[in-house]
Amino acid sequence: MQVPFYRHELASEDAKLVADVLSTPFLTSGTVGRAVEARLCDYFGTKHALLVNSWTNGALATLLALGVGPGDEVIVPTQTFVATANVIEILGAKAVFVDVDPDTLLMTAAGVESAITSRTKAVIPVHLYGQMIDVLALRNSLRAHPNIAIIEDSAHCFEGELAGDKPGKHSTCAIFSFYATKNVTCGEGGAIVTNNTPLYEVLLQTRLHGMSAEAVDRFKLGAYRHWDMVRMGAKANLPDLLACLLPRQIEAADKKWERRNELANWYEANLSDTPIRLPKHVGNAKHARHLFPIHVPPGVRDEILAVLGANGIGVTVNYRAVPSMAYYREKYGYFENNFPVGEHWGQGTISLPLFPSLTTEEQKYVIAVLKNKVTPLIENTPDRRTTT
Ligand SMILES: *Cc1c(COP(=O)(O)O)cnc(C)c1O
């Protein structure tokens, strides 16, 4: 049997939405996107939402709006996608990594506190795999540093909640990704949500070259009006050609979450009696169930990747610790065991197929391969250590 890692659910109804935009004179960011932004405000309960063409460009626009640049530091967890750190480095600032909690793999408030210096401008907590870090607790722990911004990396956490609160409530802003494999997708895209009106007004500029007026306004009929460039900005706006795909995705998000949650619960129930280790659940949280990572002893991880591949099961690795990547290793001279929890998790983790159209039959097959072919490999490993 072949089980893909991911199967998207955009269909011919979505092609019709693109055709509708093609039949209007305006292709880039206009009224379609503005309606989606209003819907996002509604969904997240925030005052403002801005569509962007990726999480990465949204984060660049945010860091530019906050004035982050050379000499500044931004704190990020070791366990995340490289983009979380790269956006800081692109601007000439320094990504300061902190190790994660050994049970949940999330950044901790204590870790953040230990990394703060006089140069710290922001913190980017990551709601890894869909579990929210406690942003309110983080904010309280930063009470003595009111100028440090908290930017939630919510790329995995569209549907997640903690104590009933969604991303964007207690932070400076939260940024989502609508990349092809994310829970809500339009192929490439993202959004920033915030309750901070002054930041929102600056983001309107840093999202589009630092210009003083958006294209939709510049091209209004009537006499040409000059625009000005008032600050440095990114090119981060989402065109209506992609934004038109989002309303259906947003409406379907909670229903798709139910199916992924059911699948993830089934994986958990069936793997509990194996030597495969799973992240612990955060209490009082709704897990967005973006990815389903497992952990095996690092010594056999790559062999297990090969076995899963040979048995037709699509898997990925999310993530090897970012500071262990060649660029960061060479730039900052990180060495083994600087971040023991993150490195160990990154050397042993594998993400299993998890998407709404995964059938019960497909999932049973994945579980059978894990029990019959992967478990014996782990049991025959001299170093069966899957915990740090
Ligand atoms: C996907 C992802 C990003 C980057 O999103 P893009 O929209 O591709 O720029 C950032 N952070 C995390 C945790 C991600 O998974």
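What counts as what
Residues numbered from 1 in each chain as written. Predicted model: local features only at pLDDT ≥ 70, side-chain atom pairs only at ≥ 80, totals over all residues. Heavy atoms only, no water. Near = heavy atom within 4 Å. Areas by Shrake-Rupley, 256 points an atom, 1.4 Å probe, with all protein chains shown as cover. Helix = DSSP H or I, 4+ residues; strand = E, 2+ residues; numbered from the N terminus. Nonpolar A, V, L, I, M, F, W, Y, C, P; charged D, E, K, R; others polar. Axes fitted to C-alpha atoms, helices over the stretch in contact; angles between N-to-C directions. Parallel < 35°, antiparallel > 145°, perpendicular 65-115°, else oblique. Left-handed = near helix turned anticlockwise from the far one by under 90°. Contact = heavy atoms within 4.5 Å. Pairing = 2+ DSSP bridges. Salt bridge = Lys/Arg side-chain N within 4 Å of Asp/Glu carboxyl O. Buried < 20%, exposed > 50% of the residue type's maximum accessible area, 1.4 Å probe, protein only. Phe/Tyr/Trp six-rings, centres within 6.5 Å; stacked < 30°, edge-to-face > 60°. Lys NZ or Arg CZ within 6 Å of the ring centre and 35° of its normal.

1. Some points on the site of the ligand
Working step 1: Inspection of the region around the ligand gives 15 residues, with Trp-55, Thr-56, His-156, Ser-177 and Lys-182 positioned closest.
Working step 2: Coverage of the ligand by the protein chains reaches 93% of its 380 Å² of free accessible surface.
Working step 3: Those elements that place two or more of their residues in the shell around the ligand are α3 (55–65) and α4 (83–90).
Working step 4: Among the residues forming the shell around the ligand, the class breakdown is six nonpolar, seven polar and two charged.

2. Regarding the packing of helix α10 (residues 246–271) against helix α14 (residues 360–379)
Working step 1: Running from amino to carboxyl end, α10 crosses α14 at an angle of 25 degrees, the nearest separation of the two axes being 11 Å. Put simply, α10 runs roughly parallel to α14. Crossing handedness for the pair α10 and α14: right-handed. Facing α10, whose interface residues are Arg-259, Leu-263, Trp-266, Tyr-267, Asn-270 and Leu-271, α14 presents Thr-360, Gln-363, Val-366, Ile-367, Leu-370 and Lys-371.
Working step 2: Partitioning the contact of α10 with α14 into residue classes produces seven nonpolar, three polar and two charged.

3. Considering the sheet that holds strand β4 (residues 120–123)
Working step 1: Within the open sheet, the seven strands sit side by side as β1-β8-β7-β5-β4-β2-β3. Their pairing is mixed. The outermost strands of the open sheet, each flanked by one partner alone, are β1 (48–52) and β3 (94–98). Taking each pair of neighbouring strands and ignoring which way they run, the sheet shows an average axis angle of 25 degrees.
Working step 2: By the bridge criterion, five bridges tie strand β2 (residues 73–77) to β3 in an arrangement that is parallel. Looking across to β3, one finds that Val-76 is bridged to Phe-97.
Working step 3: Along the sheet, α4 contacts β2, β3 and β5 (149–153); its crossing angle with β3, the most-contacted strand, is approximately 150 degrees.

4. Observations concerning the pattern of salt bridges
Working step 1: Under the counting rule described, the total for this entry stands at 19 salt bridges.
Working step 2: Residues Glu-9 and Lys-256 are paired through a salt bridge, measuring 3.9 Å at the closest nitrogen-oxygen approach. Pair noted here: Glu-9 is in the segment before α1 (12–22) and Lys-256 is in helix α10, with a separation of 247 residues, a long-range link.
Working step 3: Classification of Lys-256 as buried rests on a relative accessible area of 14%.
Working step 4: For Arg-259, the salt bridge goes to Glu-262, with nearest N and O atoms at 2.7 Å. Pair noted here: Arg-259 and Glu-262 are both in helix α10, with a separation of three residues, about one helical turn.
Working step 5: For Glu-262, a relative accessible area of 48% translates into the label partly exposed.
Working step 6: Among the charged side chains, a salt-bridge network with shared partners connects Glu-13, Asp-14 and Arg-248.

5. Things to note about the environment of Val-307
Working step 1: With respect to the helices, strands and loops of the structure, Val-307 is situated in helix α11 (residues 298–310).
Working step 2: Sequence separation between Val-307 and Ala-326 is 19 residues; the distance between their C-alpha atoms is 27 Å.

6. Here's the deal with the pairing of strand β7 (residues 173–177)
Remark: a regular strand shows side chains that alternate across the two faces of the sheet.
Working step 1: With five of its five residues buried, β7 lies for the most part within the structure.
Working step 2: What you see with β7 is no split at all: Cys-173, Ile-175 and Ser-177 on one side and Ala-174 and Phe-176 on the other are buried throughout.
Working step 3: Direction of pairing for β5 relative to β7: parallel, over a ladder of three bridges. Across the sheet, residue Ile-151 finds its bridge partner in β7, namely Cys-173.
Working step 4: Judged from the four bridges that link them, β7 and strand β8 (residues 190–194) form a sheet pairing that is antiparallel. Paired with Ile-175 across the strands is Ile-192, a residue of β8.

7. Digging into the packing of aromatic side chains
Working step 1: A full pass over the atoms with the stated rule returns 12 aromatic pairs.
Working step 2: When the centroid spacing of 4.9 Å and the interplanar angle of 70 degrees are considered together, the rings of Tyr-43 and Phe-44 count as edge-to-face. The pair Tyr-43 / Phe-44 is uniform in exposure class, with both members buried.
Working step 3: Its guanidinium or amino end placed over the ring of Trp-257, Lys-286 lies 4.3 Å from that ring's centre, counting from NZ or CZ.

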